Amino acid sequence: MPRKILQLILTTLVLSLFLPTAFAADFEDINRPEVFLKQENSGTCTLASTAMMLRRTAMMAGNPYWSQITESTARESFWRAGRGLPYTFAYDGITVNHAFLPGGEANRQVLIDVLAQHPEGVMLHAAGVPHGVLLTDYTDGVFYCADPSVAVAEGRIPITQAYGTRIENSTAYWFVTSPDVKLTLPAEEILPRVYSAITEESAPLSSTTPLALVSNTSELAEMYDESFPSTYTVQAAPAEAPAS
C-alpha cells in the first residue's frame with residue numbers, strides 16, 4: 001500500500017478521534033469577557049462565582065450550552081436560601097466539593113497546586129470579608145480572578161484588585177471533582193502539528209511522534225505490512241505562557 005494512502009488513513013483517524021476533544025476550549029476561550037458574570041443580588045457573590053466556575057468547566061467538557069449556566073439556574077439547582085452554598089452538590093453532570101485552607105501565607109502554595117489540577121478555576125471565599133470570587137489561574141507569579149462584585153472591574157483581573165478577598169485572608173474554596181477537564185491548545189496550533197506529524201515523509205513514525213494517534217495500530221500493521229508500535233503518545237511542544 002503506498003505511503004500516501006497510509007498517511008491519509010492515519011490523518012482521518014487522528015482528525016476523527018483527537019480533534020473533537022481538542023477543540024473544546026483553550027485558555028483564551030474560558031477567559032472571554034462573556035464567560036464571566038456579575039452577581040444579580042446582594043449576598044450572592046459565592047453563587048455567581050460558582051456559576052462562572054461551572055461555565056468554564058462546561059466549556060472545557062465541550063458543552064455548547066455553557067452560556068445557559070447563570071446565577072439564576074444555579075440558584076434553582078443547589079443554592080440554600082438563608083444558608084448559602086452547600087459544601088457538596090451537583091449541577092448538570094458536574095460535581096463540586098469543598099475544602100478549608102490553612103490560612104495566611106500557607107494558602108499560596110496550596111492554591112498554586114490546586115489551580116494546576118483545576119484549570120477551570122476554584123470558587124475562593126474569604127469568610128472575614130465576607131466575599132467570594134472565582135480564582136481563575138496563577139500565571140507568571142500572579143493570581144488572577146473574576147470578581148462578581150459590581151464595584152470591581154469586569155473580566156479576569158489580578159486578585160489584588162478584587163473586593164476584599166486575597167490569597168492570605170481566604171478561608172475555603174470550592175472545586176470541581178467531576179468531570180476532570182483540561183485546557184487544549186488553540187486550533188491554529190493543533191492542525192499544523194497534526195498534519196506535520198502525519199505527512200512528513202522523511203521522518204519515520206515512532207512512539208514519540210508529536211501529536212500522533214493514541215490508539216491501537218496492530219490492524220494497520222497487519223494490513224500494510226508496516227512496523228508500528230502498539231500505541232502512540234501525544235507530546236505537544238510547551239505552549240507559551242498566555243499574556244496577562
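Quick caveat, the model's predicted, so the values are computed rather than measured.

Criteria and cut-off values
Residues numbered from 1 in each chain as written. Predicted model: local features only at pLDDT ≥ 70, side-chain atom pairs only at ≥ 80, totals over all residues. Heavy atoms only, no water. Helix = DSSP H or I, 4+ residues; strand = E, 2+ residues; numbered from the N terminus. Expected span 1.5 Å × (residues − 1). Buried < 20%, exposed > 50% of the residue type's maximum accessible area, 1.4 Å probe, protein only. Contact = heavy atoms within 4.5 Å. Pairing = 2+ DSSP bridges. Axes fitted to C-alpha atoms, helices over the stretch in contact; angles between N-to-C directions. Parallel < 35°, antiparallel > 145°, perpendicular 65-115°, else oblique. Nonpolar A, V, L, I, M, F, W, Y, C, P; charged D, E, K, R; others polar. Core = buried A, V, L, I, M, F, W, Y, C linked by side-chain atoms within 4.5 Å.

A. Spotlight on helix H4 (residues 45-60). Over its 16 residues, H4 runs 23 Å from end to end, which matches the ideal 22 Å to within 8%, given 1.5 Å per residue. When you tally the buried positions in H4, you get 16 out of 16 residues, the bulk of the element. Gly62 sits one or two positions beyond H4 and adopts a positive phi of about 85°.

B. Quick look at the environment of Leu135. Here Leu135 lies in strand E4 (residues 131-139). For Leu135 and Ser49, which are 86 residues apart along the polypeptide, the C-alpha to C-alpha distance reads 8.7 Å. Setting aside residues up to four positions removed in sequence, Leu135 forms contacts with Leu111, Leu115, Gly121, Val122, Leu124, Phe143, Tyr144, Cys145, Ile159 and Ile167.

C. View of the pairing of strand E3 (residues 122-126). Of all 5 residues making up E3, 5 are buried, and the element is well covered by its neighbours. Of the two faces of E3, the one lined by Val122, Leu124 and Ala126 and the one lined by Met123 and His125 are each fully buried. Pairing between E3 and E4: 5 bridges, direction antiparallel. Looking at the pairing, Leu124 lines up with Val133 of E4. In textbook terms, the turn of a hairpin is the stretch between consecutive antiparallel strands, and for E3 and E4 this stretch comprises 4 residues. When E3 meets strand E7 (residues 172-178), the two strands line up antiparallel, connected through 3 bridges. Residue pairing for E7: Met123 is matched across the bridge by Trp174.

D. Local environment of the pairing of strand E2 (residues 94-100). The sheet contact formed by strand E1 (residues 89-91) and E2 spans 3 bridges and is antiparallel. In the strand pairing of E2, Phe89 is matched with Val96. Here E1 folds back onto E2, and the loop between the two strands holds 2 residues, one of which, Asp92, carries a positive phi near 50°. Pairing between E2 and E7: 6 bridges, direction antiparallel.

E. View of the packing of H4 against helix H5 (residues 71-78). One can describe the packing of H4 onto H5 by two numbers: an axis separation of 9 Å at closest approach and a directional angle of 100°. Looking at the two axes, H4 sits roughly perpendicular to H5. Judged by residue contacts, Leu47, Ala48, Thr50, Ala51 and Leu54 of H4 engage Glu71, Ala74, Arg75 and Phe78 from H5. A breakdown of the residues in the contact of H4 with H5 according to their chemical character gives 6 nonpolar, 1 polar and 2 charged.

F. Spotlight on the sheet that holds E1. With antiparallel pairing, the 7 strands of this open sheet are ordered in space as E1-E2-E7-E3-E4-E5-E6. Strands at the two margins of the open sheet, each flanked by one partner only, are E1 and strand E6 (156-158). Pairs of neighbouring strands in the sheet enclose a mean axial angle of 35°, with direction left out of account. Of the pairings in the sheet, the one linking E4 to strand E5 (residues 142-146) comprises 5 bridges and is antiparallel in character. Following the sheet pairing, Tyr138 is matched in E5 by Phe143. Packing against the sheet, H4 makes contact with E1, E2, E3, E4, E5 and E7, and its axis sits at approximately 35° to E4.

G. Inspection of the nonpolar core at higher detail. Leu54, Phe78, Leu85, Val96 and Trp174 are the most contacted members of the largest nonpolar core, which totals 30 residues. Among the elements of the structure, H4, H5, E1, E2 and E7 are those that each provide at least two residues to this core. The greatest single-element share of this core, amounting to 8 residues, is contributed by H4.

H. Spotlight on unusual backbone geometry. Cis geometry marks the peptide bond from Val129 to Pro130; its omega dihedral reads -15°. Structurally, the position occupied by Pro130 is in the loop between E3 and E4. A cis amide bond links Ser178 with the next residue in sequence, Pro179, at an omega value of 0°. Secondary-structure assignment places Pro179 in the loop between E7 and helix H7 (187-199).

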